Structures are given as C-alpha cells and as structure tokens.
Amino acid sequence: MRALVVYESMFGNTQTIAQAIADGLATRMDVELVEVGAAPAAVPDGVDLLVVGGPTHAFGMSRANTRKSAAEQATSGLVSKGQGMREWLSALSGHAPDVSAAAFDTRFKNPWLPGSARRGAEKLLRRKGLPVLTGSQSFYVSGTPGPLLEGEIERARSWGVSLAAMREPGERRPAV
Ligand SMILES: Cc1cc2nc3c(=O)[nH]c(=O)nc-3n(C[C@H](O)[C@H](O)[C@H](O)COP(=O)(O)O)c2cc1C
C-alpha cells in the first residue's frame, strides 16, 4: 500500500503536521511527502491514498491574495512560494480507480471563527471523483506564524496511523 501526502505551508506549521502524518502512515504504508509546488499533475499509479493539507486562510483554502498577505507577515522565507492546494487540486488530472483521499488543515482553535481549508479540499477531492475517508482533521496553531499547540504533532502522527489502518487490505473503507 502506498500513500502520497501533499502539503501547502507558509510558515512551516502545516509542513510539520504533514511530516508527522507521513510518519504515522509509514508505520503501515510506503509514503511520499511532497510540497504542493513540487507535486505531480496526476495521482501517480500505485498510490492508494492521497492525503492533502494546507493552512486555513480567510475561512478556507489559501488564494493568491492571502498568500501575499502571509508573505508580508513572514519574518523568513515561506515554505510554499508558488501555487496553493486550491490551484493544485483544481488542476489535478486523473487517478487510478480505488484511490481514496483524506484532508487536513491548520488553523486557530477558536469556536467563533468559521471555516477551514480541509472542507474546501474535501469538496475539490470529491469533485475529482476521489472518495474522502471519514474523519478529516484540523490541527491548531496559537498565532498566525505558529507555533502549533502542544500535543498537535503527536495527534497528527496518530491520525496518520489510523488513516493507514483504514486503507489496509480487507478493511472497510468508510468514505463520504
Ligand atoms: C492571510 C491569512 C488569513 C488567515 N485566516 C485564518 C482564518 O480564517 N481562520 C483561521 O483559523 N486561521 C487563519 N489564519 C491563520 C493560519 O491558519 C495559520 O497562519 C496557519 O495555520 C499556519 O500554518 P503554516 O505555517 O503552515 O502556514 C490566517 C493566516 C493568514 C496568513
């Protein structure tokens, strides 16, 4: 079984979470971790699970103007300097049958702040015909440039382990 994890990240927090998810997945699957600017135009043959994640910007997935705003707030270079997850998923051109998907994001832990990038990513994944496994996740930062809240890296690793278990041969694959 093989997983591809594609992430977008401005300040590095989503990158750290993506790495932890990949570590969790790697307990049961072969895993490739790729920054969205270097991601392939189609899901490569042999990939069983596509996991995508990015930062929540303005209640959803980033856009060119929110990435520009992030760049203005950055004190060092951005991790993702080109296209975002929205653009990559919109242009994704194909996949083998039986590939499933999952989405995650990073954002503030604020019950009064609506929206999350993972919801937008799920919508685009479904539009591409990719069934989305239940239980997509948000991971939380304490401020715009981070850091991640305590325990989030461990939670991301555990989520990776449980995603891989959902894709094990013979497992029922809950998809929405
Ligand atoms: C332009 C901009 C808009 C943002 N809008 C939101 C938002 O609507 N909701 C939220 O929870 N966090 C918001 N944030 C905080 C980001 O989610 C946070 O910067 C991100 O999780 C950090 O991840 P990264 O280091 O991978 O970029 C915003 C950040 C930026 C730069």
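Anyway, here's the lowdown on the structure attached to this text. Quick caveat: nothing in here was measured; it's all calculated off a predicted structure.

Looking only at helices and strands, the protein features five helices and five strands. For the protein, the succession of helices and strands along the chain, N to C, is β-α-β-β-α-α-β-α-β-α. For 176 residues, the compact-globule estimate of 2.2 N^0.38 gives 16 Å, and the protein sits close to it at 15 Å. Viewed in the frame of its principal axes, the protein has a C-alpha envelope of about 45 × 35 × 30 Å. Looking at the 176 residues of the protein, the share that counts as buried comes to 44%.

Taken together, 23 residues are adjacent to the ligand, and Met 10, Phe 11, Thr 14, Thr 106 and Arg 107 come closest. Broken down by secondary-structure element, the contributors of at least two residues to the shell around the ligand are helix H1 (13-25), helix H2 (64-73) and strand S4 (100-108). Here the shell around the ligand takes four residues from H2, the largest share from any one element. A breakdown of the residues in the shell around the ligand according to their chemical character gives nine nonpolar, 13 polar and one charged.

As a further point, take the pairing of strand S3 (residues 49-55). In terms of residue burial, S3 counts as a mostly covered element, since seven of its seven residues are buried. The pairing of strand S1 (residues 2-7) with S3 spans five bridges and is parallel. By the bridge assignment, Ala 3 is partnered in S3 with Leu 49.

Spatially, S2-S1-S3-S4-S5 is the arrangement adopted by the five strands of the open sheet, whose pairing is parallel. The open sheet has two edge strands with one neighbour each: strand S2 (30-35) and strand S5 (137-141). Strand-to-strand, the axes of this sheet are offset by a mean angle of 20°, without reference to chain direction. Its contacts with the sheet place H1 against S1, S2, S3, S4 and S5, and it is angled at close to 175° to S1. Across the sheet, helix H4 (residues 117-127) lies against S3, S4 and S5, angled at about 160° from S4, the strand it touches most.

Val 5, Ile 21, Leu 50, Val 51, Val 52 and Ala 101 are the most contacted members of the largest nonpolar core, which has 43 residues in total. Elements with a minimum of two residues in this core: S1, H1, S3, helix H3 (85-91), S4, H4, S5 and helix H5 (152-166). Of the residues forming this core, the biggest block, six residues, is contributed by H1. Excluding residues within four positions of it along the chain, Leu 50 makes contact with Leu 4, Val 43, Val 99, Ala 101 and Leu 130.

Reading the values: the criteria
- Residues numbered from 1 in each chain as written.
- Predicted model: local features only at pLDDT ≥ 70, side-chain atom pairs only at ≥ 80, totals over all residues.
- Helix = DSSP H or I, 4+ residues; strand = E, 2+ residues; numbered from the N terminus.
- Rg over C-alpha atoms; globule rule 2.2 N^0.38 Å.
- Buried ≥ 20, exposed ≤ 12 C-beta atoms within 10 Å, placed from the backbone.
- Near = placed C-beta within 6 Å.
- Nonpolar A, V, L, I, M, F, W, Y, C, P; charged D, E, K, R; others polar.
- Pairing = 2+ DSSP bridges.
- Axes fitted to C-alpha atoms, helices over the stretch in contact; angles between N-to-C directions.
- Contact = placed C-beta atoms within 7 Å.
- Core = buried A, V, L, I, M, F, W, Y, C linked by C-beta atoms within 7 Å.

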